[in-house]
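Coordinate inspection notes
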Amino acid sequence: HLAKHIQVKSWESSDVNTTSPELSQYFPAFLWVLRDFHLRLVNEAGEPITERQYLEGALEPIPRQEDKNKLREVIKDLFQSRDCATLVRPV
């Protein structure tokens, strides 16, 4: 985990172990760009969704995928501002 390798020292406290939500203030916005995207952006009910909703759905935990779910949690914790952009395959 990226959060395990980063420490922020606070002038107000001698405690150098900082949690992911506290670190998020130092992280930039996260933009996930999906190249050659050919899926329709719809939810389980077939209703249209935005690219950002697609990203948030991709960051939801999946049963029996603990390692990947930990990464999803770290991304959600560290990058409070997240967005997604899709690029279609060029012709």
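Residues numbered from 1 in each chain as written. Predicted model: local features only at pLDDT ≥ 70, side-chain atom pairs only at ≥ 80, totals over all residues. Heavy atoms only, no water.

**Regarding the packing of aromatic side chains**
Between two aromatic rings, the relevant description is the distance of the centres plus the angle of the planes. Throughout the structure, instances matching the rule amount to four aromatic pairs. Summarising the aromatic geometry, the rings of Trp32 and Tyr54 are spaced 6.4 Å apart at their centres and angled 20° between planes, so their arrangement reads as stacked. With a gap of 22 residues between them, Trp32 in strand β1 (residues 30-34) and Tyr54 in helix α2 (residues 51-58) connect regions that are remote in the sequence. Ring geometry for Phe37 versus Tyr54: centroids 5.5 Å apart, planes at 80°, classification edge-to-face. (Phe/Tyr/Trp six-rings, centres within 6.5 Å; stacked < 30°, edge-to-face > 60°. Helix = DSSP H or I, 4+ residues; strand = E, 2+ residues; numbered from the N terminus.)

**Focus on the environment of Asp77**
Within the secondary structure, Asp77 is located in helix α3 (residues 66-78). Given the relative accessible area of 26%, Asp77 is considered partly exposed. For Asp77 and Glu22, which are 55 residues apart along the polypeptide, the C-alpha to C-alpha distance reads 8.9 Å. (Buried < 20%, exposed > 50% of the residue type's maximum accessible area, 1.4 Å probe, protein only.)

**Thoughts on the nonpolar core**
Side chains that are nonpolar tend, in soluble globular proteins, to be buried together. One finds Leu23, Leu34, Phe37, Leu55, Leu59, Val74, Ile75, Leu78, Phe79 and Cys84 forming the largest nonpolar core, which totals ten residues. Ranked by residue count, the leading element in this core is α3, at three residues. Setting aside residues up to four positions removed in sequence, Leu34 forms contacts with Tyr54, Cys84, Ala85, Thr86 and Leu87. (Core = buried A, V, L, I, M, F, W, Y, C linked by side-chain atoms within 4.5 Å. Contact = heavy atoms within 4.5 Å.)

**Here we look at a nonpolar patch on the surface**
There is a patch of nonpolar side chains on the surface, built from Leu31, Val33 and Leu87 and spanning about 270 Å² of accessible area. Its relative accessible area of 54% is what places Leu31 among the exposed residues. (Patch = residues over 30% accessible without salt bridge, like charges linked within 9 Å, V, L, I, M, F, W, Y side chains within 5 Å. Areas by Shrake-Rupley, 256 points an atom, 1.4 Å probe, with all protein chains shown as cover. Salt bridge = Lys/Arg side-chain N within 4 Å of Asp/Glu carboxyl O.)

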